[in-house]
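Notes for the structure review
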Amino acid sequence: EMGRSEKPLKAAFSNAGLQATWCAQGKQAAEFWGKLFNVEVTWFDGQLDAVKQRAAIDNMASQKWDFVAIQAFGIGTLTQPVQKMIDAGIPVIDMDTLIAPLDQINVHSFLAPDNEFMGASVTQALCNAIGGKGKVIMTQGALGHTGAQGRAKGFNSVVKQFPNIEVLDTQPADWDVSKTARLWETYLTKYPQIDAAFFHNDDMALAAANIMKAHNRTNILIGGVDAMPPAIQAVSEGRMFATVRNPSCRIHGGAIVAGVAAVVGGEKSGQGIPKNVVTDGPVVTKANAAGMQWMEDHFLI
Amino acid sequence: MSQGRSPILELNQITKAFGGVEALRGVDFALHAGEIHGLVGENGAGKSTLMKIIAGVHPEFSGRFMLDGKETRFRSTRDAHAAGIGMVHQELSVAPDLTVAENVFLGNQPTNRLGFVQWRRMAREAGEQLSRFGIDVDPMTRLGDLPIGLQQLIEIARVLFSGARIIILDEPTSALSPPEVERLFTTLQKLRDEGTSIVFISHFIEDILRVSDVVTVFRNGRKIAETASADTTKGALIEAMIGRGGEKLEHSYTDDLLLPQSGAGSVVLKVEQLSLRRSLQDVSFEARAGEVLGIYGFMGCGQLELSRILFGKLRPDGGTLAVDGAAKSFRSTAAARRAGVALVPESRRAMLFHQEPVYKNISISILERISALLLKPVRERAIAQRQVEQLQIRPPVVGLDLGMLSGGNQQKVALAKWLTYPPRLLVLCEPTRGMDVGAKNDVINIVRDLRAKGLAIIVLSTEPETVLSLADRILVLKRGALVREFAGEAVSKDRLLEAA
Amino acid sequence: MASSDSATAPADHKRPRGLASFLRSQMRNIAPFLTLIFLSAFFAIASPSFATIDNVGNILTQVSVTGIIAVGLTFVILCAEIDLSIASIANVTGIAVAYFTLQESYVNIANVPMPGFAAILLALALCALLGLVNALGLTIIGIPSFIMTLAMMQIAAGVSALLVRGQIAYKVPPLITTLGSGSIGGISWIVIVAAVMLLGGHLVLTYTRFGRYVYMVGGNREAAEFAGLNVKLILGSVMVISAVCSGIGGMLGVAHFGSAQQNEFDTYLLDSIAAVVVGGTSLFGGRGGIGNTIVGLFVLGVLNNGLDHVNIDSFLKILIRGLILLAALIINVYAQRLREQAAD
Amino acid sequence: MASSDSATAPADHKRPRGLASFLRSQMRNIAPFLTLIFLSAFFAIASPSFATIDNVGNILTQVSVTGIIAVGLTFVILCAEIDLSIASIANVTGIAVAYFTLQESYVNIANVPMPGFAAILLALALCALLGLVNALGLTIIGIPSFIMTLAMMQIAAGVSALLVRGQIAYKVPPLITTLGSGSIGGISWIVIVAAVMLLGGHLVLTYTRFGRYVYMVGGNREAAEFAGLNVKLILGSVMVISAVCSGIGGMLGVAHFGSAQQNEFDTYLLDSIAAVVVGGTSLFGGRGGIGNTIVGLFVLGVLNNGLDHVNIDSFLKILIRGLILLAALIINVYAQRLREQAAD
Ligand SMILES: Nc1ncnc2c1ncn2[C@@H]1O[C@H](COP(=O)(O)OP(=O)(O)OP(=O)(O)O)[C@@H](O)[C@H]1O
Ligand SMILES: Nc1ncnc2c1ncn2[C@@H]1O[C@H](COP(=O)(O)OP(=O)(O)OP(=O)(O)O)[C@@H](O)[C@H]1O
Ligand SMILES: [Mg+2]
Ligand SMILES: [Mg+2]
């Protein structure tokens, strides 16, 4: 049923911004899977900017595609051109972030991880590792980011179950490593005892790890989100305790597969493919780090 | 006296134009070692321009420039410095935020082998130099904290003691007191005797005759004469400066001129106890309708500040100002204009829009009266056309960009904008500066017409001729205070100079 | 002798001054126009999808918000000032209009719903107020506009943050929704609004007394003051105009993009400045106008749009944009210089 | 009468001028210092963890990168120019030094490994080159620094994008790692580097001819030219100095934060400008210096750090920062005005 397309398909992809590693990895995955399925992928970079991405999607919408896949930078900013493509019968696959609340737009399918689950699962791993008691800190991403909101929710739902765990601080660092560094310098001063820390992504976690090392406070267990190669390396070296995979390859590769299935296999939204596909990844610890790295190398997760 | 020796500096056929204005036309100039060379000429004759060419400020000019017998071309002031040429510019050019000591060594602070500035040595040497020049001031004070006159002296001292072998002084005495001028002359003579060559520009002919060995006269961008000071007289110099065409206008001012008995109308402007820190002290006077009030004084005597206060651009520290009997405290120039005051400032650059056509320059001040919201270009042009014809502005094309007009015609445009709806009080700063004889005459006639229409007019000038040719009553401003009034009595250029 | 000079001179001006001299004097306007034609031709050849009716529509909508903001900025730059708070004020105004509109239940903002016209008026009042702060800082306190508006950029961002608190709002009053995202007869309303505002700006600058004053203040501020103009009032007004144009752009932008959120409009700062300057309006004031801004808008619009139609390395595009911006600036400065020479 | 005037005049200047007058004349330096004391006292009361030795260490490290960048910016602002490309150049230099260093296998960048010293030299050469482009644009072409460095901001971001291509690099040469994240005797190397550079900047500004020229050019550009200074060379030099300081800050910053990525240093633009200006260096040039910059650094450092220690609404913090910035600017302008009055 699904498989390599006979005639070459033209697909347009856009994601939040290629400046972000997670997005850059997704681009490679999409191109890799595209080659396997005979799909020619054209990229429209969102440049981490709502206005620029909107212009790019407007331009995308005035061209002809077999299918498109989009990760929105700003929720709700792409509705009009996306609707135009849907109206033109182009299957639109929504990746990672909502293009708009699902009642406003009828995308072919929404492939996304469950941020709340990711936050909860890595927090759970941290809490277990410190024996269910101690002091923890969460460093959030940008408060406006839905991913960050989900991850925070997951974190809170888990720590609530541990009466002996005290949350010291949850200030946002806006995904910014320099702000993370500043915050953590303050924490290390303010709190003589910190047992574990949860960061909304690995970049912030690694920046904080650097600060902890400089302050000789390497006893803090660090958890992150994304499980990008540098974080997997840090986990296997013990610099980080755990991270949870936000499966960029699975989402972007999945978008290729879903697109081909729609065009070639005639899959219909809601029947052949669910409206909402949850693409969660596992928690990565020392135990499964090497395997995770291999899977990422081959764009499998 | 300098015959026989070859000059250290020799300029041939120097021509220099700014845009359309020719500031210098084929000028020859020679300077010998160990001479003080006086330079005189009317405003705008090109004296400063020639000196700036020598000091490397204007690298672009045509003509031959010989230094020590070798053809030279300065690309910048640095080249001139390196060649031993120092200049005191007409406008104060110091660094007010630096200390006195640094200003004395401006651009040439003493350093040790590591390249570090030796502050203590610099302060000591600056102090020594200044006290040799009779200035007693802590070398580590910030220069900007000192009075203007002292700043000027320090700038002069810097150049005099910089070791330059050619020193140019462009109107250095304008802000100095007589004893300071005296000390300056002594020092100049000493430097001359040590072999330094000095160019000295001044509008004070007596000073020039006293201190210089040779005098050169400029007129209208040309060199008119060069004589040994011993061989000439003040009268001869003035005649050379002013020229034949000027006889009718200028000549009489050396003789007494009888100011008319006041037959003027009501008081339009009443100024009482006006003061502005450092510039004006307790200035009180009145200006009447149908009268031209001349205010004469040396450069820096407070005239410019006074004109700014009358037009709301500067706010006085104290004193009152009343127009037509109503007390005014102008918060802006717009407020002054609404109250019926108009100002034509001394600088053309400051009062005209060079990139805009003539008619917009004329209409700008009366736009409110021509149009409520939308512009009425046809009316604007018609009004402008009338003024252009009345004032004989050439070419009489109101759509031409102002920058295309000659200086004198630009000056007329500046006047033209106040003529359609005349103000109550017209303040003119240096209204004839840079004008040729014919244009000056035109301006005099315009001003007289306006007086006849019942305006109160104030003419402020540093040129005695201007004041004498226009005013019905003359006030002399000196160091910010009114020191003398000439009304209904005999006055002459000499008397004015004496009072100032 | 003097009289013979001036007798012959007038004839001089009536003599035609030669095509070369005319072209040089028009360089400021010609250079950006040539850039535009060159870019359009290049992309039309490089990509079949570029020169289509549909894509012209895209370019028009894409430059609309920038265009609306650039109207006010043109006034500011004509006065030889700058406004760095435009994007931030656009953002806060868009957020404010959504803040005063009833949102769907899933939007988690403690907002204050009001009737549509009240929301619009309040949002406009907010941007005018921020513009007024800029105006007072510039004219009364005397903070240079560059640094005053830099501080305002932060302040407006702070107000935005307080209003949305990291959330996203979707609803704006119906009028704004229509103007921002509706279309009539195949033409987007936002394009029409931008066109009307640009036209309005042009008319004000060209045919009103205030517009004349703006040019005069920019051309020679000192002379304007000596002519008895209220220079501070004019400068203050252009700062307020700029803020209000930004606010309108922000409100329509929110409707156009479909949501209001923090930092949504950051790009408009550079884009608007670039549009005005690239179009040939002089940074030193007094020269240029809305016509130039329109050309500048299209130069940037075509550049951004065209780069999406050709397959260039995404990472290279950032550099290419920077270099073209620099090239346009150099042309701007040289064109000014040529013009000045032509005037001599 | 006239002679008695001038006889008394010189004596005047040696007369002590009264405390009030002295204080007023020092307002420019006192105002920021009072702000600093006030802020410190406030946070010390509001949070027990603020006024600790450890936290002083934090504040020191936190202002270090800004401090290094601000050294160069101080030169630029003293010349009455501005440099908006500092953060962008810091970023590209940090990325370049990582680009020329061997990265771990999992870093997916087509980089060009080199020996450490070569990587450092190449990175420095890059930032110096970009500074040189700024310098040439400003002095030779005559583009105002504000807009020239705005274009450079884009260009440097473009080069960064091309080098990292959306990836993150972690390794930098050992020397940079040590200086950026190591410490000696309990003091971070980066603090020492910042202190040395600030001291160096101070010495250059105060004790070298070049430094004095910077003040002269900023204080009265025409007088500087008449005094035979090569004004263009000085302006060009400060642009290069600024770029190189930014580059050093960027390299050490990358080591300090542990990674090199696009847009990492964006916040440093506003922070550095704010530090210089809040410290009391005049935007109009000629006044201020590294001493002021240090005070400004601490005002902002204490503000940022202190806000982390107290529990204020995160969204409110943005606004608070903006308002304090504006307040400091107003004080700066008024202090200048008071000083001028005191001078009379
Ligand atoms: N930088 C300039 N740009 C344009 N025109 C200039 C410039 N400098 C001087 N001029 C013009 O050149 C002419 C000669 O000016 P210059 O300053 O040499 O006169 P001057 O003899 O020194 O007069 P004064 O006695 O008033 O100082 C004047 O018409 C003046 O307006
Ligand atoms: N850039 C220009 N382009 C065209 N014509 C010009 C330009 N500059 C000057 N002119 C014209 O050349 C003529 C001579 O100008 P110039 O400045 O030499 O006049 P002038 O004899 O000094 O007159 P005035 O005494 O009024 O200053 C004037 O009629 C002027 O309009
Ligand atoms: Mg002169
Ligand atoms: Mg002339």
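By the naming in an unreviewed UniProt entry, chain C goes by ABC transporter permease and is assigned to Bradyrhizobium uaiense. Database annotation for chain C, UniProt heading Subcellular location (unreviewed entry): "Cell membrane".

In the nomenclature of an unreviewed UniProt entry, chain B is known as Sugar ABC transporter ATP-binding protein of Bradyrhizobium uaiense. In the Sequence similarities (unreviewed entry) part of its UniProt record, chain B is described as follows: "Belongs to the ABC transporter superfamily."

1. A word on the pattern of salt bridges
Applying the stated criterion to the full structure yields 44 salt bridges over all chains. A salt bridge links C:Lys171 to C:Glu104; its shortest N-O distance comes to 3.1 Å. Taken as a pair, C:Lys171 in the loop between helix 7 (145-164) and helix 8 (174-181) and C:Glu104 in the loop between helix 5 (86-99) and helix 6 (116-141) lie far apart in primary sequence, 67 residues in all. When its relative accessible area of 34% is taken as the criterion, C:Lys171 is described as partly exposed. Judged by its relative accessible area of 30%, C:Glu104 falls in the partly exposed class. Among the ionic contacts, a cluster of salt bridges with common partners joins B:Asp97, B:Arg142 and D:Arg287.

2. Notes on the site of ligand 1
Residues and elements named next belong to chain B. Near ligand 1 there are 14 residues, and of these Gly44, Lys47, Ser48, Thr49 and Gln90 occur at the shortest range. Within the side chain of lysine 47, an N or O atom sits 2.7 Å from an oxygen atom of ligand 1. Separating an oxygen atom of ligand 1 from a side-chain N or O atom of glutamate 171 is a distance of 3.4 Å. Alone, ligand 1 offers 630 Å² of accessible surface; in the complex the protein occludes 70% of this. Looking at the shell around ligand 1, the elements that each hand over two or more residues are strand 2 (21-31) and helix 1 (47-54). Considering every element that reaches the shell around ligand 1, the biggest residue donor is helix 1, with 3 residues. The class makeup of the residues in the shell around ligand 1 is 4 nonpolar, 7 polar and 3 charged.

3. Observations concerning a nonpolar patch on the surface
Taken together, the side chains of B:Leu373, B:Leu374, C:Leu199, C:Leu203 and C:Tyr207 define a hydrophobic patch exposed on the protein surface, amounting to about 520 Å² of accessible area. Mapped onto the elements of the fold, B:Leu374 is located in the loop between helix 14 (367-370) and helix 15 (377-390).

4. Digging into the interface of chain C and chain D
On the chain D side, the residues contacting the 42 residues of chain C number 42 residues. Here chain C and chain D share an interface that buries about 3,700 Å² over both sides, 81% of which is from carbon and sulfur atoms. Ranking the residues of chain C by area buried against chain D places C:Ile141, C:Gln154 and C:Phe315 at the top, with a combined share of 17%. Connecting chain C to chain D are 2 salt bridges. With a closest N to O distance of 2.7 Å, C:Arg165 and D:Asp313 form a salt bridge. Linking chain C to chain D there are 2 residue pairs in polar contact (both at pLDDT 80 or more). For the side of chain C that touches chain D, the secondary-structure elements that each account for two or more residues are helix 6, helix 7, helix 13 (267-278) and helix 15 (314-343) of chain C. The element best represented in the side of chain C that touches chain D is helix 15 of chain C, accounting for 14 residues. Grouping the amino acids of the side of chain C that touches chain D by side-chain chemistry returns 33 nonpolar, 5 polar and 4 charged.

5. Quick look at the relation of the copies chain C and chain D
Its rotation angle being 180 degrees, the transformation that places chain C on chain D also includes 0.0 Å of axial translation and leaves an RMSD of 0.2 Å. Each copy turns onto its partner about a two-fold axis. Looking at the rotation axis and the C-alpha trace of chain C, the residue lying nearest is C:Phe146, at 4.4 Å. Comparing interface residues between copies, 100% of those in chain C also lie at the interface in chain D; the contact surface is shared.

6. Observations concerning the environment of C:Phe33
Residues and elements named next belong to chain C. Structurally, the position occupied by phenylalanine 33 is in helix 3 (residues 27-46). Taking the relative accessible area as the measure of exposure, phenylalanine 33 reaches 44% and is therefore partly exposed. C-alpha of phenylalanine 33 to C-alpha of glycine 296: the two residues are 263 residues apart in sequence and 8.3 Å apart in space.

7. Let's talk about the arrangement of the chains
For this structure, the chain pair with the highest number of contacts among 5 pairs of chains in contact is chains C and D. No interface is formed between chain A and chain B, the nearest pair of C-alpha atoms being 37 Å apart.

8. Regarding the pairing of strand 20 (residues 473-478) of chain B
Residue and element names in this part refer to chain B. Extensive coverage of strand 20 is indicated by the burial of 5 of its 6 residues. Relative to strand 20, strand 14 (residues 291-296) runs parallel, the two being bridged by 4 bridges. Bridging across to strand 20, leucine 293 finds its partner in arginine 473. Where strand 20 folds back on strand 21 (residues 481-487), the antiparallel hairpin that results is connected by 2 residues, among which arginine 479 adopts a positive phi of roughly 50 degrees.

9. Observations concerning the interface of chain D and chain A
At the junction of the two partners, chain D supplies 33 residues and chain A supplies 31 residues. Summed over both partners, the interface of chain D with chain A comes to about 2,700 Å²; 49% of that surface belongs to carbon and sulfur atoms. It is D:Tyr106, D:Phe257 and D:Asp308 that lose the most area in chain D upon contact with chain A, and together they represent 24% of the buried surface on that side. Taken together, the links from chain D to chain A amount to 1 salt bridge. Where D:Asp308 meets A:Arg182, a salt bridge forms, and the shortest distance between an N and an O atom there is 3.2 Å. Elements supplying a minimum of two residues to the side of chain D that touches chain A: helix 4 (53-78), helix 12 (231-257), helix 13 (267-278), helix 14 (290-309) and helix 15 (314-343) of chain D. Considering each element in turn, the side of chain D that touches chain A owes the most residues, 5 residues, to helix 4 of chain D.

10. Looking at the packing of helix 13 of chain C against helix 14 (residues 290-309) of chain C
All names here are of chain C. Packing of helix 13 against helix 14 leaves a shortest axis separation of 6 Å and a crossing angle of 120 degrees. As judged from the angle between their axes, helix 13 and helix 14 are oblique. Crossing of helix 13 over helix 14 shows right-handed handedness. For the pair helix 13 and helix 14, the contacting residues are Asp271, Ala274, Ala275, Val276 and Val278 in the first and Asn292, Thr293, Gly296, Leu297, Val299, Leu300 and Asn304 in the second. In terms of residue class, the contact of helix 13 with helix 14 is built from 7 nonpolar, 4 polar and 1 charged.

11. What to know about the side chain of D:Arg212
In this structure, D:Arg212 sits in helix 10 (residues 209-219). Contact partners of D:Arg212, with chain neighbours within four places excluded, come to B:Leu98, B:Glu102, B:Gln109, B:Val117, B:Trp119, D:Leu205 and D:Thr206.

12. Thoughts on the nonpolar core
Generally speaking, soluble globular proteins have nonpolar side chains that are buried together. Judged by nonpolar contacts, the single largest core of 260 residues is most densely connected at A:Trp184, A:Ile194, A:Phe199, C:Ile147, C:Ile273, D:Ile147 and D:Ile273. Counting the residues that make up this core, at least three belong to each of domain 1 (7-242) and domain 3 (352-421) of chain B. Apart from residues lying up to four places away in sequence, D:Ile147 is in contact with C:Ile273, C:Val277, C:Leu283 and C:Leu329.

13. Considerations on the side chain of A:Asp169
Residue and element names in this part refer to chain A. Considering the arrangement of structural elements, one finds aspartate 169 in strand 7 (residues 165-169). As a buried residue without a salt bridge, aspartate 169 has its nearest oppositely charged side chain in lysine 190, at a separation of 4.4 Å. There is a polar contact of 3.3 Å between the side chain of aspartate 169 and the backbone nitrogen of glutamine 171. Reaching out from aspartate 169, the side chain makes a polar contact with the side chain of tyrosine 191 at a distance of 3.5 Å. Leaving out residues up to four positions away in the same chain, aspartate 169 has contacts with Val136, Ile137, Met138, Tyr187, Lys190 and Tyr191.

14. A word on the confidence of the model for chain B
Any segment with low pLDDT has predicted coordinates that should not be analysed in fine detail. Per-residue pLDDT for chain B has a mean of 85; in total, 93% of the residues score no lower than 70. Scored below 50 in pLDDT, residues 245-252 of chain B shows 10 contacts in the model against residues more than four places distant or in partner chains.

15. Some points on helix 2 (residues 50-61) of chain A
All names here are of chain A. A rise of 1.5 Å per residue sets the reference length of helix 2, with its 12 residues, at 16 Å; its end C-alpha atoms lie 16 Å apart and thus fit the reference within 8%. Where helix 2 is concerned, the buried positions are Ala50, Val51, Gln53, Arg54, Ala56, Ile57, Asp58, Asn59, Met60 and Ala61. The N-terminus of helix 2 is capped by aspartate 49, whose side-chain oxygen sits 2.9 Å from the backbone nitrogen of valine 51.

Cut-offs used in this document
Residues numbered from 1 in each chain as written. Chains lettered and ligands numbered in written order. Predicted model: local features only at pLDDT ≥ 70, side-chain atom pairs only at ≥ 80, totals over all residues. Heavy atoms only, no water. UniProt positions renumbered as here; feature names shortened; annotations may be inferred. Salt bridge = Lys/Arg side-chain N within 4 Å of Asp/Glu carboxyl O. Helix = DSSP H or I, 4+ residues; strand = E, 2+ residues; numbered from the N terminus. Buried < 20%, exposed > 50% of the residue type's maximum accessible area, 1.4 Å probe, protein only. Near = heavy atom within 4 Å. Polar contact = N/O pair within 3.5 Å; in protein donor to acceptor, adjacent residues only side chain to side chain. Areas by Shrake-Rupley, 256 points an atom, 1.4 Å probe, with all protein chains shown as cover. Nonpolar A, V, L, I, M, F, W, Y, C, P; charged D, E, K, R; others polar. Patch = residues over 30% accessible without salt bridge, like charges linked within 9 Å, V, L, I, M, F, W, Y side chains within 5 Å. Contact = heavy atoms within 4.5 Å. Buried area = accessible area lost by both parts, 1.4 Å probe. Least-squares fit on C-alpha atoms with pLDDT ≥ 70 in both. Pairing = 2+ DSSP bridges. Axes fitted to C-alpha atoms, helices over the stretch in contact; angles between N-to-C directions. Parallel < 35°, antiparallel > 145°, perpendicular 65-115°, else oblique. Left-handed = near helix turned anticlockwise from the far one by under 90°. Core = buried A, V, L, I, M, F, W, Y, C linked by side-chain atoms within 4.5 Å. Domains from an automatic or database assignment. Lys, Arg positive; Asp, Glu negative; His and termini not counted. pLDDT = per-residue confidence, 0-100. Expected span 1.5 Å × (residues − 1).

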